[in-house]
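Residues per chain, in single letters:
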Amino acid sequence: MTVYLLRRISQSFLVLVAMSMIVFIGVYAVGDPVEILISPDADQMERERAIQALGLDLPLWEQYGVFVWRALHGDLGRSFVYNEPALQLILQKMPATLELAFGSMFISVLIGLPLGMYAGLRPESPGSKMIMAGSILGFSLPTFWVGLMLIMVFAVQLGWLPSTGRGETAYFLGLQWSFLTANGLSHLIMPAINLALFKISLVIRLTRSGVRETMLMDYVKFARAKGLSPARVTFVHVFKNILIPVVTVVGLELGSTIAFSVVTESVFAWPGMGKLIIDSINVLDRPVIVAYLMIIVLMFITINLIVDLLYSALDPRVRLEGKA
Amino acid sequence: MTTTLEVRNLRTHFFTRAGIVKAVDGVSFTVGRGKVMGLVGESGSGKTVTGFSIIGLVDPPGRVVEGEILYQGRNLATISEEEMRHLRGNRIAMIFQDPMMTLNPVLRVDTQMIETVLAHEKVSKEEARQRARDALGMVGIPSPDERLKSYPHQFSGGMRQRVAIAIALLHRPELIIADEPTTALDVTIQGQILAEVQKLAANTGTSLIWITHDLSVVAGLADDIAVMYAGRVVEDGPVSEVLDRPLHPYTHGLIGSVPSRNKRGEPLRQIPGMTPSLLKLPAGCAFRTRCPRADEACLADQPLRALLPGRQARCIHPHLDEVPA
Ligand SMILES: Nc1ncnc2c1ncn2[C@@H]1O[C@H](COP(=O)(O)OP(=O)(O)O)[C@@H](O)[C@H]1O
Ligand code: SF4
Ligand SMILES: [Mg+2]
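Residues numbered from 1 in each chain as written. Chains lettered and ligands numbered in written order. Predicted model: local features only at pLDDT ≥ 70, side-chain atom pairs only at ≥ 80, totals over all residues. Heavy atoms only, no water.

Some remarks on the layout of surface pockets
Working step 1: Reported here for the largest pocket is a volume of approximately 1,200 Å³.
Working step 2: Along the walls of the largest pocket sit 35 residues, with Met215 and Arg224 of chain A together with Val58, Asp59 and Pro60 of chain B positioned nearest its centre.
Working step 3: Elements supplying a minimum of two residues to the lining of the largest pocket: helix H5 (86-121), helix H8 (182-215), helix H9 (218-225) and helix H10 (230-259) of chain A together with helix H1 (47-54), strand E4 (62-71) and helix H2 (81-87) of chain B.
Working step 4: Partitioned by chemical class, the residues of the lining of the largest pocket number 19 nonpolar, 6 polar and 10 charged. (1 Å grid on protein atoms, 1.4 Å probe; cavity = no way out; pocket = protein on both sides within 12 Å on 5 of 7 lines; lining within 4 Å. Points joined across faces, edges and corners; volume = space filled by probe spheres on them. Helix = DSSP H or I, 4+ residues; strand = E, 2+ residues; numbered from the N terminus. Nonpolar A, V, L, I, M, F, W, Y, C, P; charged D, E, K, R; others polar.)

Written out as structure tokens, the structure reads:
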């Protein structure tokens, strides 16, 4: 186990280094922030001073060296725009995105798992056919459009839910969270559902095919041959087996949910990392872009590791020792 | 002879897109108390479906369409699912063919055994665990206390089949349906398990339906056998008589294809051809296309006829003329 963890961590470190290079070069290639940041009527002297202050006069590899050196000291650079440490800027926005992502995951499992179970156990029933048709909509309707529709119906016409911002927040672990207040929660619900839509469909389909496959297994028939109640067969023998792929996929989806919450955050003016990154890309605020991407990479790596650990906890056949 | 189970004219059909598959089509047999009934036939002859029909586990598109399964004066074909569930694993247990697939991979062995005890008896969890441990010990699993905490993948195939047998024995059932329980195991283990089951069944007075495609397995084990071909019983009777003097050409062929001591040196005679598809059975006798004795008379449907005392066969030209081998 320890060997496994150490190996995974060193692998992760290599991935991080490789990604930092790719990100750095990629961002460098995107465009020159000088044109955007420095007012066109600044004279040559001012321009050069600014370029020097931002460290943009150095050659690429030297800029990268400086970046790595500082990153090792916990400094991912200062935002060109806000003149604040990029890391701090992003971390401030992180709780908003995290609660949105976790909220939507929670919703997708809460809704997707029971519907998928039902559709798997009664594949021929009209209810199941409706669920499956609904899941196709969930896959194919564009997120922003559904977001706008939700706002139209629940905020504008019915006036049930607020459509923008985080609402009231409360402090927990020194950070601000919306889900801890009733008002904040009412702000969170719509964007979370919007972001969950695709994943609900994913969980439904995954669960359904898992159930159908598992129901055909000999061990399910044997469980029935033992005279177990249908409930025990379904909720212990079948359920524990389908939990494995569902947990894996939902866990792995968490990373992309965080990374791609951009659209939902824009539609609902949710002040999270996604909104920050869109703004930063618009003004080519390189340190923020790089820091954001590095954090996302780190997050993916961590999530994968946790999913692997969970997976081995759920499936006794998987042993993490040494190999992998 | 007191009977444990009597199957009368059982028909189990699968309603598939390609047509109606008559997997079991008019099967009758009787299992005496404490007796071993060998159900023999090539793969695809309907043995497993017969077993599942008895314990009410035929899944759609399949259905028991006709017949009676008489157990203690009740017809299992018509009782409610809830009543059937109380018999399954309790009074009638089943052991499956592939031990690698029988146990749930994500549940510990104790979980899978204790739940079986608790499904049919109101006892404490601790007592259920004791029963599970005793059952494991009974089927020859060393240090059962530790093994209870293991997952199935930590057992070999032979050991897993022993666990499945232990589970079947938990409630001392009246009848165990053993569906080729040794086919997937290697020969030494096969022998051990056969001996073990025989001993256990004799000790507990349990009746057995022993399903196999291997005549040499039933030879030393069964009291009676029924030979199945294409969903029907083509011959039945006491095992020694059937093996000594097979009446049906199919049984004859099966015996000829078993390697044995007194025929050493002779080439094995395989039955020519293949089991026909159940969707395209030849009219009349289903064995017609492979039978060395077939003629026009075989174009008519053959009933199961009593030919000798206690012996029946479904053939118009049975091997009655020959002297016993
Ligand atoms: N689910 C099913 N759908 C359609 N046909 C089936 C199904 N299960 C079994 N059968 C048919 O029933 C026949 C008998 O199968 P089975 O009882 O498993 O044979 P055996 O156990 O003698 O090898 C096979 O020919 C098979 O095609
Ligand atoms: S009835 Fe005819 S074809 Fe069928 S087994 Fe007898 S001899 Fe062969
Ligand atoms: Mg079979």
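Thoughts on the domain arrangement of chain B
Residues and elements named next belong to chain B.
Working step 1: Here chain B is described as being made up of domain 1 (3-91 + 174-193 + 203-313) and domain 2 (103-170).
Working step 2: In this complex, domain 1 contributes 11 residues to the contact, which on the side of domain 2 involves 8 residues.
Working step 3: In this assembly, domain 1 packs against domain 2 so that about 790 Å² is buried in total across both faces, 62% of it on carbon and sulfur atoms.
Working step 4: Inspection of the region where domain 1 meets domain 2 yields 2 residue pairs in polar contact (both at pLDDT 80 or more). (Domains from an automatic or database assignment. Contact = heavy atoms within 4.5 Å. Buried area = accessible area lost by both parts, 1.4 Å probe. Polar contact = N/O pair within 3.5 Å; in protein donor to acceptor, adjacent residues only side chain to side chain.)

Quick look at the interface of chain B and chain A
Working step 1: Each partner contributes to the interface: chain B provides 27 residues, whereas chain A provides 22 residues.
Working step 2: For the pair chain B and chain A, the summed buried surface comes to about 2,300 Å²; carbon and sulfur atoms form 62% of the total.
Working step 3: Our enumeration of links across chain B and chain A arrives at 4 salt bridges.
Working step 4: The partner of aspartate 59 of chain B in a salt bridge is arginine 224 of chain A, and the shortest N-O contact between them spans 2.9 Å.
Working step 5: On inspection of chain B and its partner chain A, the count reaches 15 residue pairs in polar contact (both at pLDDT 80 or more).
Working step 6: Among the elements of the structure, helix H3 (99-102), helix H4 (109-120) and helix H7 (157-169) of chain B are those that each provide at least two residues to the side of chain B that touches chain A.
Working step 7: Top contributing element to the side of chain B that touches chain A by residue count: H4 of chain B, with 6 residues. (Salt bridge = Lys/Arg side-chain N within 4 Å of Asp/Glu carboxyl O.)

Things to note about the site of ligand 2
Working step 1: What surrounds ligand 2 is a group of 13 residues, the closest being Cys285, Cys291, Cys298, Cys315 and Ile316 of chain B.
Working step 2: Each residue belonging to the shell around ligand 2 can be placed in one class, and the counts come to 8 nonpolar, 3 polar and 2 charged. (Near = heavy atom within 4 Å.)

Examining the packing of H4 of chain B against H7 of chain B
All names here are of chain B.
Working step 1: Between H4 and H7, the shortest axis-to-axis distance is 9 Å and the interhelical angle comes to 20°. By the angle between their axes, H4 is roughly parallel relative to H7. Between H4 and H7 lies a crossing of right-handed hand. When H4 is examined against H7, the residues Val109, Gln112, Met113 and Thr116 are found in contact with a partner set consisting of Val163, Ala166 and Ile167. (Axes fitted to C-alpha atoms, helices over the stretch in contact; angles between N-to-C directions. Parallel < 35°, antiparallel > 145°, perpendicular 65-115°, else oblique. Left-handed = near helix turned anticlockwise from the far one by under 90°.)

Things to note about the nonpolar core
Working step 1: Formed by 92 residues in total, the largest nonpolar core has its most connected members in Leu5, Met113 and Ile209 of chain B.
Working step 2: No other element matches the 7 residues that H7 of chain B contributes to this core.
Working step 3: Two domains each put at least three residues into this core: domain 1 (3-91 + 174-193 + 203-313) and domain 2 (103-170) of chain B.
Working step 4: The contact partners of leucine 5 of chain B, leaving out residues within four places of it in the chain, are Phe29, Thr30, Val31, Ile54, Ile69, Leu70, Tyr71, Leu76, Leu175 and Ile209 of chain B.
Working step 5: Among the nonpolar cores identified, the runner-up in size contains 42 residues, and Leu243, Met294 and Met299 of chain A together with Val106 of chain B belong to it. (Core = buried A, V, L, I, M, F, W, Y, C linked by side-chain atoms within 4.5 Å. Buried < 20%, exposed > 50% of the residue type's maximum accessible area, 1.4 Å probe, protein only.)

Here we look at the packing of aromatic side chains
Centre-to-centre distance and the angle between the planes together describe a pair of aromatic rings.
Working step 1: Counting across every chain of the model gives 11 aromatic pairs over all chains.
Working step 2: When the centroid spacing of 5.2 Å and the interplanar angle of 35° are considered together, the rings of phenylalanine 24 of chain A and phenylalanine 67 of chain A count as tilted. With phenylalanine 24 of chain A in helix H1 (residues 2-30) and phenylalanine 67 of chain A in helix H4 (residues 60-72), the pair connects residues that are 43 residues apart, well separated along the chain. Like phenylalanine 67 of chain A, phenylalanine 24 of chain A is buried.
Working step 3: Taking the centre distance of 5.6 Å and the plane angle of 75° together, the rings of phenylalanine 52 of chain B and phenylalanine 96 of chain B count as edge-to-face. A residue pair is termed long-range when its members are at least 10 positions apart, and phenylalanine 52 of chain B in helix H1 and phenylalanine 96 of chain B in the loop between strand E6 (92-95) and H3 qualify at 44 residues. Across the pair, exposure class does not vary: phenylalanine 52 of chain B and phenylalanine 96 of chain B are buried alike.
Working step 4: Members of the aromatic cluster, each reached through a chain of ring pairs, are Phe24, Tyr64 and Phe67 of chain A.
Working step 5: Above the face of the phenylalanine 52 of chain B ring, lysine 221 of chain A is positioned so that its terminal group lies 4.1 Å from the ring centre.
Working step 6: Across from the ring centre of phenylalanine 155 of chain B, 4.1 Å away, lies the NZ or CZ of arginine 147 of chain B, which sits over that ring. (Phe/Tyr/Trp six-rings, centres within 6.5 Å; stacked < 30°, edge-to-face > 60°. Lys NZ or Arg CZ within 6 Å of the ring centre and 35° of its normal.)

Quick word on the site of ligand 1
Residues and elements named next belong to chain B.
Working step 1: Near ligand 1 lie 13 residues; those nearest to it are Gly44, Gly46, Lys47, Thr48 and Val49.
Working step 2: In the model, an oxygen atom of ligand 1 is placed 3.1 Å from a nitrogen or oxygen of the glycine 46 main chain.
Working step 3: A distance of 2.6 Å is found between an oxygen atom of ligand 1 and a side-chain nitrogen or oxygen belonging to threonine 48.
Working step 4: In terms of residue count, the dominant contributor to the shell around ligand 1 is H1 (3 residues).
Working step 5: Residue composition of the shell around ligand 1, by class: 5 nonpolar, 6 polar and 2 charged.

Quick look at helix H11 (residues 249-256) of chain B
An α-helix turns once per 3.6 residues; consequently, residues spaced three or four apart project the same way.
Working step 1: Burial within H11 of chain B is extensive, with 7 of its 8 residues counted as buried.
Working step 2: Tucked inside the fold, the buried residues of H11 of chain B contact strand E3 (36-40), helix H9 (215-219), strand E9 (224-229), strand E10 (232-238) and helix H10 (239-244) of chain B.

Here we look at the pairing of strand E1 (residues 3-16) of chain B
All names here are of chain B.
Working step 1: Pairing geometry for E1 and strand E2 (residues 19-32), over 10 bridges, is antiparallel. Across the sheet, leucine 10 pairs through a bridge with valine 27, a residue of E2.
Working step 2: Two successive antiparallel strands, E1 and E2, enclose a turn made up of 2 residues.
Working step 3: Note that E1 and E4 share 7 bridges and pair antiparallel. Within E4, the residue paired with arginine 8 across the bridge is glutamate 68. (Pairing = 2+ DSSP bridges.)

Quick notes on H1 of chain A
Residue and element names in this part refer to chain A.
Working step 1: The end-to-end C-alpha separation of H1 is 41 Å, in line with the 42 Å expected for 29 residues at 1.5 Å each.
Working step 2: Among the residues of H1, those classed as buried are Tyr4, Arg8, Ser12, Ser20, Val23, Phe24 and Val27.
Working step 3: Contacts made by the buried residues of H1 are with H4 and helix H13 (286-314). (Expected span 1.5 Å × (residues − 1).)

Let's talk about the sheet that holds E9 of chain B
All names here are of chain B.
Working step 1: Taking strand neighbours across the sheet as the criterion, the 8 strands line up as E6-E7-E8-E3-E9-E10-E12-E11 in an open arrangement whose pairing is mixed. At either margin of the open sheet sits one strand with a lone partner, and together these are E6 and strand E11 (305-308). Taken over all neighbouring pairs, the strand axes of this sheet differ in orientation by 20° on average, direction set aside.
Working step 2: Note that E9 and E10 share 6 bridges and pair antiparallel. Along E10, the bridge assignment pairs aspartate 224 with proline 238.

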